[in-house]
Amino acid sequence: MPVSDGEWSDWLGQQRVACEVRRPAKVDAAFEAVEEAVRTSRRIRAAGSGHSTSDVARPSKDAILLSLEHLALDDADWKTWLKGDLALVEPRVRPGEQLVRVAAGQTIRALNLDLAKRRLAMPNLGSYDGQSIYGAIATGTHGTGLGFGPLADQVASIEMIGVEDAGRPVVRHWRIEPTNGITDRDRFYGSSQRGRMSLVQDDEVFRSVVVGLGCFGIVTALTLRVVPAFQLRETCEVMPWSSLKTTLVTRARSAQWLDVTMLPERLDGEHWCQVTVREKRAALPHHVPLTELTPRGDARIREASSREGKDPKELVRCALAAGSHGARIATHRVRELFREDATRTIESESYVVFRTSVGDWIPATSSEIGVDVDRSVEAIDATITHLDAMAKRGFFHVSPIGIRFSRASSHYLAMQHGRDTCTIEAPIPVGNVNVHAIGSPSAADAAPILLGAFERTLIDARFDGRPHWGQRHTVSGGFLLRYPKGPIWARQVARFNRFGLFDNAFTGRMALRR
Ligand SMILES: Cc1cc2nc3c(=O)[nH]c(=O)nc-3n(C[C@H](O)[C@H](O)[C@H](O)COP(=O)(O)OP(=O)(O)OC[C@H]3O[C@@H](n4cnc5c(N)ncnc54)[C@H](O)[C@@H]3O)c2cc1C
């Protein structure tokens, strides 16, 4: 658990900060904590599950840290607040879709299980489910498929405790939505169940706060658009990048879900790719508990490691210890696994099929950069030039590169803002060092060197890349100008964080002014 009494750390334990941890179970307790922070001029921040490896979640030393995993949803009859015709509001609730109100601090895993019992599902998900639902949304977390934006695009309403400048700081609880949002103002204010909440319906505020990076306040609940439960059928094929590149964009535009995993080292002169496609299938006729569904992904690693009697972390260390030969052997082995995968079809509940991450078994840090989908082939070519150049210097990525797609989003700081996006992710297993330095007591961590060079390759004027805010990156203040609405986002932070309560390392690095 990244939050213990008196300390916050990220999931890898690489960033640690001493702070006062509180675990409010009710909104009132969270509200009082913010009031106390105002009274005592202390910083305060909400913690998700610590899965960001950038400094976005890192609280200031001695801050009050609110860990919201126990924050329960009140039982307000919120559906009575809604407008009559939800097809006419923003975001539009399409036929078959439903709205659910959920606690912001629960994990995606808990949300998935709860939705599945109600025969509902998120329409798309990332590859992992250990994050808190709002922690994931706050950094623009996404899955793959050009028909879907980031998870933030499912938010119809967001409830947040924040501080208003009324000549002096006043703590408030807001329900925030687009200008033409789902809530009917009269019904809302006529309800005795809204507690302290007041309604803000304003496109600029909503599009700033949702992908808010923890800079606006403490998010307590979300109303999400979800769909009826469905199954996915997944198939894949293996091909060299030189073949895939000619059809990549067409494939991305025609498949509902397209996921590409590219081996970082050359084999037979090529970078090999696993190209995965998912298709929607009808839901099971009734709810089947997770324990009775066939597991996938990480389960295979667990099975392989027990069969070979090896800890996967140990395998990574072995691959590196064997130097450049090790990287080649690992590449060969993973291509074999890809080829085995290509003989199988996976079909299960959507949330089981989406969860492909092996993060629980191979701890890794990573960077991910988003580029315009129409520049994706050039950007991947540039990534390959980077991989080859680093390998010559003895720096091997070892972990495959992830290539995913998502639809343009209206949220101002989403990496997908204003453009259909291809994301290129480079994970680096913990313990990776330059192969020439193995055995030397001064062997430096390869991650900052590899990821720094990777980031510089794509965040340049040619590709206009944007980093995933939750993954390692080094951009600073002026970078926000690259987002068409970045200055508006910064202005909204200045308004909502007028008293600097939510400041941390990230707001300092980005020079967010008040
Ligand atoms: C194994 C693994 C797999 C991943 N897979 C994907 C993937 O498939 N796709 C993808 O896009 N990303 C992925 N990521 C990145 C990850 O989704 C993001 O870093 C995400 O933000 C982490 O969520 P968290 O709950 O751990 O939040 P944290 O990292 O703890 O916090 C993130 C930000 O949200 C703020 N915050 C959290 N809760 C609240 C709240 N209630 N109110 C206000 N602010 C809050 C924090 O202050 C911080 O600024 C992955 C990361 C890992 C480690």
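Keep in mind that this is a model prediction, so the values were computed, not measured.

1. Some points on the environment of L263
- Tracing the sequence through the fold places L263 in the loop between β14 (257-262) and β15 (272-281).
- On the accessibility criterion, L263 (2% relative accessible area) is buried.
- Once the C-alpha coordinates of L263 and G50 are considered, the two residues, 213 residues apart in sequence, prove to be 28 Å apart.
- Apart from the residues lying within four places of it in its own chain, the contact partners of L263 are H271, W272, T331, V334, R335, F338 and P400.

2. What to know about the side chain of S399
- Its location among the elements puts S399 in the loop between α12 (376-392) and β18 (401-406).
- Exposure remark for S399: the relative accessible area of 14% places this residue in the buried category.
- For S399, the contacting residues outside a window of four places in its chain are P264, P427 and P429.

3. Let's talk about the UniProt feature "domain: FAD-binding PCMH-type" (unreviewed entry) in the protein
- Mapped onto this numbering, the UniProt entry annotates "domain: FAD-binding PCMH-type" (unreviewed entry) at residues 14-229.
- Overall, residues 14-229 shows 19% helix and 26% strand. The separation of its end C-alpha atoms is 38 Å.

4. Description of the pairing of strand β19 (residues 421-429)
- Burial runs high along β19: nine of the nine residues are buried.
- Across the two faces of β19 the burial is the same, with T421, T423, E425, P427 and P429 and C422, I424, A426 and I428 all buried.
- Pairing geometry for strand β17 (residues 364-372) and β19, over nine bridges, is antiparallel. Of the residues in β19, the one forming a bridge with T365 is I428.
- Both β18 and β19 contribute to a ladder of five bridges, which runs antiparallel. Directly across from F405, in β19, lies its bridge partner C422.

Calculation rules
Residues numbered from 1 in each chain as written. Predicted model: local features only at pLDDT ≥ 70, side-chain atom pairs only at ≥ 80, totals over all residues. Heavy atoms only, no water. Helix = DSSP H or I, 4+ residues; strand = E, 2+ residues; numbered from the N terminus. Buried < 20%, exposed > 50% of the residue type's maximum accessible area, 1.4 Å probe, protein only. Contact = heavy atoms within 4.5 Å. UniProt positions renumbered as here; feature names shortened; annotations may be inferred. Pairing = 2+ DSSP bridges.

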